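Each chain is listed here by its residues.
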Amino acid sequence: MNIPTKVRLIDVGPRDGLQNEKQPVPASVKIELVHRLQAAGLKEIEVTSYVSPKWVPQMADNHEVMQGITRVAGVRYSVLTPNLKGYEAAVADQPDEIVVFGAASEAFSQKNINCSIAESIERFAPVVQAALAAGIAVRGAMSCTVGCPYEGEIAPERVGYLAGLMKGIGVQRVDVADTIGVGTPLKVQAAIEATLAHFDIDHISGHFHDTYGQALSNTYAALQMGVWNFQSSVAGLGGCPYAKGATGNVATEDVVYLLQGLGIDTGIDLDRLVDAGAYISEQLGRPSGSRVARALMARRSS
Ligand code: HMG
Ligand code: MG
């Protein structure tokens, strides 16, 4: 077993989480959430996306949010950019990292970004080139690496194919995403194994939605392979508007609790993280999606 001693968590709550909310969430609330996450010790935060406001109106306040946050040295702020138009809008807000996002499934690529996998790579290539030339880091999100809402099961070879294309255009690290949370440990491990043909373990992160309640098991399975970068969402917020029925990412609180139990260092203060989750849950008017947060809050109030 290869379990790492240190894990880096990227909280994607402000982006993946809030992109899927039915009610508009004010920019001021998003900004406060980012501040609370960094105060809890998060070193990477996915803040927003520069996509069409007709497709995802929830992210139309990207400039306001990025301009409104008070940055802390040592924290990496990332944003999604699907094309040059998005990149040019983003660059004005000085992200530390941009994320191009593709899919291992053709149907999901079409539904999510309105183009084929091959076309998406053509769109991403100049974005990656421009970012690297400007000294901005580049991550590639790979959706539907185990299952697709339109095509069903996805073979690991298709993940390997996409990872190879991402590597070929200069993407520095990739996320192996289970967009609809259908994966189980062996399937997730096969998707990571396929990615390892193109990226080393330090440049692969796990991004597991928890629709079927498997995300913590999948996280553990990835840890056993030596993966030490994971995306998660405070209070378990999230979902993708183009993956109907898929619930949020694994809750950051739940992952931190798991990692603490394994003696793995995250640099995150779980109590302050629970406070951040309580804040956003209250703003959204519903209980936290994190089992750990709910348990700790019940203990606090007893
Ligand atoms: P398109 O319609 O193919 O693009 O959309 P287009 O170039 O033909 O342009 C059409 C219109 O969109 C034009 O405006 C453009 O200006 C505008 P109009 O003339 O009609 O007024 N446009 C843009 N506006 C703002 N920002 C831009 C932009 N690009 C074009 N960057 C596009 C292509 C990708 C833009 C569209 O399909 C889109 O916005 N899709 C939304 C994708 C998205 O945000 N999905 C959710 C995030 S991915 C995710 O959640 C998965 C992840 O978490 C991992 C996982 O779990 O799997 C990352
Ligand atoms: Mg996602």
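Note: the structure precedes this text.
Every residue gets a number counted from 1 within its own chain, in the order that chain's sequence is written. Key to labels: chains lettered from A, ligands numbered from 1, both in the order written. The model is predicted, so local features are restricted to residues of pLDDT at least 70 and side-chain atom pairs to those at 80 or more, both for listing and for counting; the totals for chains, interfaces and linings are taken over all residues. In computing side-chain values, all of the structure's heavy atoms are included and hydrogens and water are not.

Asks: Even after reading the chapter, I still don't get the site of ligand 1, so can you show me in this structure?
Replies: Here, proximity means that at least one heavy atom of the residue falls within 4 Å of the molecule or strand. Near ligand 1 there are 27 residues, and of these Arg15, Gln19, Asn83, Ser143 and Thr179 occur at the shortest range. For the purposes of these results, a polar contact is taken to be a pair of N or O atoms within 3.5 Å, where, inside protein, one atom must be able to donate a hydrogen and its partner to accept one; residues adjacent in sequence count only when each atom of the pair is a side-chain atom. Tyr50 is positioned such that a nitrogen or oxygen atom in its backbone is 2.9 Å from a nitrogen atom of ligand 1. Between ligand 1 and the protein, one listed contact pairs an oxygen atom with a side-chain N or O atom of Asn114 at 2.9 Å. To measure how exposed things are, a 1.4 Å probe is used in the Shrake-Rupley method; for residues, cover is taken only from the protein chains shown. When isolated, ligand 1 has an accessible area of 1,100 Å², and the protein chains bury 76% of it. Of all the cavities here, the one that holds ligand 1 is the largest pocket. Note on conventions: DSSP H or I runs of at least 4 residues are helices, E runs of at least 2 residues are strands, and numbering of each starts at the N terminus. Counting residues per element, the ones that place at least two in the shell around ligand 1 are α1 (13–17), α4 (84–91), α5 (106–113) and β5 (137–143). By the convention adopted, Pro, Cys, Tyr, Trp, Phe, Met, Ile, Leu, Val and Ala count as nonpolar, Lys, Arg, Asp and Glu as charged, and the other residues, Gly among them, as polar. The residue makeup of the shell around ligand 1, split by class, is 12 nonpolar, 10 polar and 5 charged. Points on a 1 Å grid over protein atoms alone make up a cavity when a 1.4 Å probe fits among them but cannot get out, and a pocket when they form an open set with protein on both sides within 12 Å along at least five of seven lines; lining residues each have an atom within 4 Å of a point. Pocket or cavity membership: a molecule qualifies when more than half of its atoms sit within 2 Å of the grid points of that site.

Asks: So what exactly am I meant to see when it comes to the coordination of the magnesium ion (ligand 2) here?
Replies: Six octahedrally arranged donors around a metal ideally form angles of 90 or 180 degrees; four tetrahedrally arranged donors ideally form angles of 109.5 degrees. Counted as donors are the N, O and S atoms within 2.8 Å of the metal, or 3.2 Å for Na, K and Ca, while water is not among the atoms, so some sites may look incomplete. Within the protein, the atoms that donate to the magnesium ion (ligand 2) are Asp16 (OD), His207 (NE2) and His209 (NE2), at distances of 2.1 to 2.3 Å. In primary sequence terms, the donor set of the magnesium ion (ligand 2) follows D-x190-H-x1-H. One end of the pair, Asp16, is in helix α1; the other, His209, is in the loop between β9 (204–208) and α9 (215–224), and 193 residues separate them in sequence. By relative accessible area, Asp16 is classed as buried at 3%. We call a residue buried when its accessible area falls under 20% of the maximum for its residue type, exposed when it is over 50%, and partly exposed in between, using a 1.4 Å probe and counting protein chains only.

Asks: I keep staring at the state of the cysteines and nothing clicks. Help me out?
Replies: By definition, a disulfide links two cysteine residues through a covalent bond between their sulfur atoms. Two cysteine sulfurs form a disulfide in these notes if their separation is within 2.5 Å. All told, the structure shown has 0 disulfides when counted by the stated rule. The thiol of Cys115 is unpaired, and the distance to the nearest cysteine sulfur, on Cys144, comes to 14 Å. Among the cysteines around Cys148, which has no disulfide bond, Cys144 carries the closest sulfur, lying 4.4 Å off. Cys148 sits in the buried class, given a relative accessible area of 4%.

Asks: Help me understand the packing of aromatic side chains, please; the structure alone is not making it clear to me.
Replies: What describes a pair of aromatic rings is the distance from one ring centre to the other and the angle between the planes of the rings. In this analysis, rings of Phe, Tyr and Trp, with Trp reduced to its six-membered ring, are considered paired at centre separations within 6.5 Å, and the interplanar angle assigns stacked below 30 degrees, edge-to-face beyond 60, and tilted for intermediate values. Per the counting criterion, the structure on display carries 3 aromatic pairs. Measuring from centroid to centroid gives 5.4 Å for Trp55 and Tyr242, while their planes differ by 55°, and the two rings are tilted. A residue pair is termed long-range when its members are at least 10 positions apart, and Trp55 in the loop between β2 (44–49) and α3 (62–68) and Tyr242 in the loop between β10 (229–232) and α10 (252–261) qualify at 187 residues. In this structure Trp55 comes out as partly exposed when scored by relative accessible area, which is 34%. Accessibility expressed as a relative area gives 18% for Tyr242, which makes it buried. An angle of 55° between the planes, with centres 6.5 Å apart, marks the rings of Phe208 and Phe230 as tilted. Of this pair, Phe208 sits in strand β9 while Phe230 sits in strand β10, and the two are 22 residues apart along the sequence. For the pair shown, Phe208 and Phe230 are each scored as buried. By definition here, charges over rings are those cases where NZ of Lys or CZ of Arg is within 6 Å of the ring centre and within 35 degrees of the ring normal. A cation over an aromatic ring shows up here: Lys111 above the ring of Tyr150, its NZ or CZ 5.1 Å from the ring centre.

So yeah, pure geometry; function would need other evidence.
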